[in-house]
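# A closer look at the structure
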Amino acid sequence: MVSYLSIVIPIYNEEANITNLWARLSKVLKENWPGQEKTWEVVFTDDGSRDRSLDMLLAIAAEEPRVTVVEFNRNYGQHSAIFGAFAVVRGEVVVTMDADLQNPPEEIPKLVAKIEEGFDVVGGWRQGRTHNDSFFRTMPSKIVNAVTRRTTGVRLHDYGCMLRAYRREVVDAMLLCKERSSFIPALANSFAKRIAEVPVGHAERAAGDSKYGLWKLINLQFDLLTSFSLLPLQMLSVLGVIISLLGIGFGVFLMAYRFLHPEGSVGGVFTLFAVLFFFVGAQFLAFGLLGEYIGRIYQEVRDRPRYVVKKHHRSEPGKS
Ligand code: UDP
Ligand code: MG
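Residues numbered from 1 in each chain as written. Chains lettered and ligands numbered in written order. Predicted model: local features only at pLDDT ≥ 70, side-chain atom pairs only at ≥ 80, totals over all residues. Heavy atoms only, no water.

## Some points on the pattern of salt bridges
In this structure the tally under the stated criterion is 14 salt bridges. Close ionic contact of Glu14 with Lys211 constitutes a salt bridge, the shortest N to O distance being 3.8 Å. Within this pair, whereas Glu14 is found in the loop between strand E1 (5-11) and helix H1 (15-32), its partner Lys211 is found in the loop between strand E7 (195-200) and helix H9 (214-228), the two being separated by 197 residues in sequence. Ionic pairing is found between Arg66 and Glu64, a salt bridge with its closest N-O pair at 2.8 Å. Under the relative-accessibility criterion, Arg66 is labelled buried at 7%. Looking at Glu64, the relative accessible area reads 9%, which means it is buried. (Salt bridge = Lys/Arg side-chain N within 4 Å of Asp/Glu carboxyl O. Helix = DSSP H or I, 4+ residues; strand = E, 2+ residues; numbered from the N terminus. Buried < 20%, exposed > 50% of the residue type's maximum accessible area, 1.4 Å probe, protein only.)

Have a look at this one:
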């Protein structure tokens with residue numbers, strides 16, 4: 001039996017969801033882990049919200065000593081927000097979830113039960129996703145999932161689902177990782193021996209808009225690709241070799257063609273253009289990829305903090 005459970009929720013402009021979220025979440029927690037003693041805690045990170053989110057969270061924390069609020073000084077992104085909460089969680093099992101009620105809090109006991117079976121990480125696998133999210137939100141996720149499967153080597157169905165449970169040791173190991181561009185589900189899997197997935201429900205965002213635009217998603221994808229493998233860099237050289245071989249072959253072909261049909265060799269100019277464009281494109285792709293790695297190296301070298309906490313709002317120990 002898990003004796004101390006921590007729930008981690010990143011919050012960015014979620015004023016429309018917080019009341020509902022807390023009502024459903026606290027009901028689940030109080031029913032499944034009853035008693036006033038320390039059996040569970042909830043850590044909200046306010047990721048620089050500009051609406052009333054922070055005030056609402058503080059109001060909840062004022063009433064419920066088992067709630068902690070980590071206040072960031074500005075917006076650092078979902079994954080940094082989760083790290084900010086990881087740094088203060090005290091539970092032996094840690095569950096992350098989104099605030100927008102896309103992840104039903106009612107599924108938490110299911111994840112915890114799976115951890116109790118001996119798994120280190122348990123991921124939610126969203127069911128019926130296509131109906132609830134727009135095509136433009138699910139399609140990039142499908143690509144993210146496919147690439148993550150390839151690059152990390154762990155075959156999960158759904159990397160994007162943030163309703164996940166981790167054992168304390170895995171969270172501690174993640175906290176040791178100082179790199180900035182980390183994608184938590186993939187990072188966790190690199191520290192876990194036994195990984196499981198359980199099907200979870202998936203609802204439409206209850207209120208407000210998705211905080212992920214196309215650009216944030218593209219960025220996340222590059223983070224994933226570059227922080228978990230050198231494969232793209234290695235592919236570049238392989239691709240280079242293949243392209244040069246093709247180029248040589250094509251040259252030989254053109255020469256032979258000229259000898260065999262001396263009268264018909266003028267049209268080749270256009271073919272050359274086509275080939276040139278292809279090579280130029282391939283080079284830009286290669287440079288771009290190199291740039292992605294170098295940019296990230298630059299950020300690591302600067303070694304700035306991943307986030308800055310303005311204040312930890314938590315009740316005094318002993319009071320709870
Ligand atoms: N979030 C955050 N900081 C950000 C963006 C998002 O803390 O910069 C939180 C957000 O409040 C929510 C969760 O991360 O609790 C997931 O965000 P969202 O629902 O917008 O993402 P989607 O469901 O579209 O992937
Ligand atoms: Mg969402």
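Structure's up, so let's keep going.
## Notes on the environment of Gln78
By the secondary structure assignment, Gln78 is in helix H3 (residues 78-86). Between the C-alpha atoms of Gln78 and Ile11, which are 67 residues apart in sequence, the distance is 8.0 Å. Gln78 has contacts with Pro10, Asp47, Asp98, Met162 and Tyr212, leaving out every residue within four places of it along the chain. Polar contacts involving the side chain of Gln78 include one to the side chain of Asp98, which spans 3.2 Å. (Contact = heavy atoms within 4.5 Å. Polar contact = N/O pair within 3.5 Å; in protein donor to acceptor, adjacent residues only side chain to side chain.)

## With respect to the sheet that holds E1
The strand order E7-E5-E6-E4-E1-E2-E3-E8 describes an open sheet built from 8 strands, whose pairing is mixed. What marks the edges here is a single partner per strand, and that holds for E7 and strand E8 (309-313). With direction set aside, neighbouring strand axes in the sheet form an average angle of 20°. Sheet topology places strand E2 (residues 40-46) next to strand E3 (residues 67-72); 5 bridges connect them, and they run parallel. Bridging across to E3, Asp46 finds its partner in Glu71. Of the strands in this sheet, E1, E2, E3, strand E4 (93-96) and strand E6 (164-167) are in contact with H3, which crosses E1 at around 145°. (Pairing = 2+ DSSP bridges. Axes fitted to C-alpha atoms, helices over the stretch in contact; angles between N-to-C directions.)

## Digging into the nonpolar core
Counting residues in hydrophobic clusters, the biggest one holds 37 residues, and the most contacted among them are Leu5, Ile7, Ile9, Val42 and Ile108. Contributing elements (two or more residues each) for this core: E1, H1, E2, helix H2 (53-63), E3, E4, helix H4 (108-116) and E7. Ignoring sequence-local partners within four residues, the contact set of Ile108 consists of Leu5, Ile7, Leu25, Trp33, Val95, Met97 and Leu163. Listed in part, the 33 residues of the second largest apolar core include Ala81, Ile82, Tyr159 and Ile184. (Core = buried A, V, L, I, M, F, W, Y, C linked by side-chain atoms within 4.5 Å.)

## As for the site of ligand 1
Lining the immediate surroundings of ligand 1 are 18 residues, of which Asp47, Asp100, Arg137, Ser210 and Lys211 lie closest. A distance of 2.6 Å separates an oxygen atom of ligand 1 from a polar atom in the side chain of Asp100. Take Lys216: an N or O atom from its side chain is 3.0 Å from an oxygen atom of ligand 1. For ligand 1, whose unbound accessible area comes to 530 Å², protein coverage reaches 95%. When each cavity is represented as a set of grid points, ligand 1 is found to reside in the second largest pocket. Residues of the shell around ligand 1, tallied by class, amount to 5 nonpolar, 5 polar and 8 charged. (Near = heavy atom within 4 Å. Areas by Shrake-Rupley, 256 points an atom, 1.4 Å probe, with all protein chains shown as cover. 1 Å grid on protein atoms, 1.4 Å probe; cavity = no way out; pocket = protein on both sides within 12 Å on 5 of 7 lines; lining within 4 Å. Sits in = over half its atoms within 2 Å of the grid points. Nonpolar A, V, L, I, M, F, W, Y, C, P; charged D, E, K, R; others polar.)

## Side note on the packing of H1 against H2
One can describe the packing of H1 onto H2 by two numbers: an axis separation of 9 Å at closest approach and a directional angle of 20°. The orientation of H1 relative to H2 falls into the category roughly parallel. The hand of the H1/H2 crossing is right-handed. Of H2, the residues touching H1 (which contributes Glu15, Ile18, Thr19 and Trp22) are Ser53, Met56, Leu57 and Ile60. Per-class residue counts for the contact of H1 with H2 are 5 nonpolar, 2 polar and 1 charged. (Parallel < 35°, antiparallel > 145°, perpendicular 65-115°, else oblique. Left-handed = near helix turned anticlockwise from the far one by under 90°.)

The values are spatial; any link to function lies outside them.
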